[in-house]
Amino acid sequence: MGTFEPGWRWSESVGPIAGTSSCLVHHNGYVVQGRMHLRMDDGGESEVGPGDVFVCPPGHDAWVVGDEQVVVFDFAGTMANEYARG
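Rules used throughout
Residues numbered from 1 in each chain as written. Predicted model: local features only at pLDDT ≥ 70, side-chain atom pairs only at ≥ 80, totals over all residues. Heavy atoms only, no water. Phe/Tyr/Trp six-rings, centres within 6.5 Å; stacked < 30°, edge-to-face > 60°. Buried < 20%, exposed > 50% of the residue type's maximum accessible area, 1.4 Å probe, protein only. Lys NZ or Arg CZ within 6 Å of the ring centre and 35° of its normal. Pairing = 2+ DSSP bridges. Helix = DSSP H or I, 4+ residues; strand = E, 2+ residues; numbered from the N terminus. Axes fitted to C-alpha atoms, helices over the stretch in contact; angles between N-to-C directions.

Draft legend 1. Up close: the packing of aromatic side chains. Counted according to the given criterion, the structure contains 2 aromatic pairs. Summarising the aromatic geometry, the rings of F4 and W8 are spaced 4.5 Å apart at their centres and angled 50° between planes, so their arrangement reads as tilted. The buried category is assigned to F4, whose relative accessible area is 9%. Take W8: its relative accessible area is 14%, and that puts it in the buried class. Arranged with centres 6.5 Å apart and planes meeting at 25°, the rings of F73 and F75 form a pair that is stacked. For R9, the ring lying beneath its charged end belongs to W63, and the centroid distance is 3.8 Å.

Below you can see the structure in the form of C-alpha cells.
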C-alpha cells in the first residue's frame, strides 16, 4: 500500500532519488482514497480515483490531484518506498 500526500509528484519527490526522469516500474493498482493523475512518457494521460483499478506500464509521471491524501494498493509488488532507496 502506498500513501501520497497533497503536493506529491513522482518526478519531484522520487525521480531525483531514483535517478530517472520517469518511473520505470509497472503498477497494477486499486485506488482507495484521493485522486492521482498519470502522464505517460508518450504523452498519454489519465486520472484515477476511489474505486478505480488501473494498469500503468513503465515510463510515467504521477501526482496527487487536489488536497486529499491518495491511498493506493499496488499489486505489481513494488511501491516507491522500496524501489527508490538511494
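Draft legend 2. Representation of the sheet that holds strand β1 (residues 2-4) in the model. What the 4 strands build is an open sheet, ordered β1-β7-β2-β5; its pairing is antiparallel. Where the open sheet ends on each side, the last strands, each with one partner, are β1 and β5 (53-56). Going from strand to strand, the sheet's axes swing by 30° on average, the running direction of each strand aside. The pairing of strand β2 (residues 27-33) with strand β7 (residues 70-74) spans 4 bridges and is antiparallel. Each bridged residue has a counterpart across the sheet, and for Q33 the counterpart in β7 is V71.

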